[in-house]
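# Architecture and fold: a report
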Amino acid sequence: MMPISGINTGAVQPLAAAEKVPGASKIQKEEEEVRPLKPTMDEYVPEEPREPSGRYWLGKDGDGQPKIHFDDPERTADAPQKPGADVPEEEPDPTDQAVKGPEKKERKEERWEGNTDKVDREIEKLRKKQQELEQRLSTETDEAKIKDLERQLAQVERELTQKDNDAYRRQHSSLTRLS
């Protein structure tokens, strides 16, 4: 350790002496003109096309629908890309030809219909029960029965909040095939 008495105090100069030193930066005064900074702008720099790497990635097609893209390393850069070439073709199902024969026919579009009538009836039943409990609660005078009715009403309200939404309707709807 070095004793305090051995510290060189010559490096520390009083403020008045620092102003006299040539090359010292001057503090900008309010009277001087302040120049506004030049606004910075982003600039687009186009990228060179990269060499195909054989990777898959999720993107969107022209209509905004999700699409899987494939960067095919075997495809030459000058070869025209056919539409749908980004998505690997599905292998034909061997059972298709066994059922349909050698000529391949177009598959018919399957159509399904969802029916939520059963769920709607269940929800309507709960709403009627809730109204009935509220009416009985408003006319009841016995404290024990009031507490029991309040408990039942809270249970019905919880059930309603759980079942009266689109997700519950979708999960519990019955599907029928229209063909």
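Above: the structure in question.
Attention here is on the structure that accompanies the text. This structure is a prediction, so every number in the text was calculated from the model and none was measured.

Mapped onto the elements, glutamine 130 comes out in helix α3 (residues 117-139). A relative accessible area of 18% means that glutamine 130 is categorised as buried. At a separation of 3.4 Å, a polar atom in the side chain of glutamine 130 contacts the side chain of glutamate 157. Non-local contacts of glutamine 130, meaning those with residues more than four positions away in its chain, are made with Leu153, Val156, Glu157 and Leu160.

With that out of the way, let us pick up a nonpolar patch on the surface. A cluster of nonpolar side chains, Tyr56, Leu58 and Ile68, forms an exposed patch at the surface whose accessible area comes to about 350 Å². Mapped onto the elements of the fold, tyrosine 56 is located in strand β1 (residues 56-60). Owing to a relative accessible area of 48%, tyrosine 56 belongs among the partly exposed residues under this scheme.

What follows is about the environment of lysine 108. Among the structural elements, lysine 108 can be located in the loop between α2 (94-100) and β3 (112-115). The spacing of lysine 108 and serine 179 is 71 residues in sequence and 8.0 Å in space, taken between C-alpha atoms.

Let's shift gears to the pattern of salt bridges. Going through the model one piece at a time under the given rule, you end up with eight salt bridges. Residue arginine 151 is joined to aspartate 148 by a salt bridge in which the shortest nitrogen-to-oxygen separation is 2.6 Å. Of the two residues, arginine 151 and aspartate 148 are both situated in helix α4 (residues 143-163); the distance of three residues between them amounts to about one turn of the helix. By relative accessible area, arginine 151 is classed as partly exposed at 47%. The exposure class of aspartate 148 is partly exposed, given its relative accessible area of 32%. Linking aspartate 164 and arginine 169 is a salt bridge whose minimum nitrogen-to-oxygen distance equals 3.3 Å. Overall, the relative accessible area of 32% leaves aspartate 164 in the partly exposed class. Overlapping salt bridges, with partners in common, bring together Asp120, Arg127, Asp164 and Arg169 in one network.

What counts and what doesn't
- Residues numbered from 1 in each chain as written.
- Predicted model: local features only at pLDDT ≥ 70, side-chain atom pairs only at ≥ 80, totals over all residues.
- Heavy atoms only, no water.
- Helix = DSSP H or I, 4+ residues; strand = E, 2+ residues; numbered from the N terminus.
- Buried < 20%, exposed > 50% of the residue type's maximum accessible area, 1.4 Å probe, protein only.
- Polar contact = N/O pair within 3.5 Å; in protein donor to acceptor, adjacent residues only side chain to side chain.
- Contact = heavy atoms within 4.5 Å.
- Patch = residues over 30% accessible without salt bridge, like charges linked within 9 Å, V, L, I, M, F, W, Y side chains within 5 Å.
- Areas by Shrake-Rupley, 256 points an atom, 1.4 Å probe, with all protein chains shown as cover.
- Salt bridge = Lys/Arg side-chain N within 4 Å of Asp/Glu carboxyl O.

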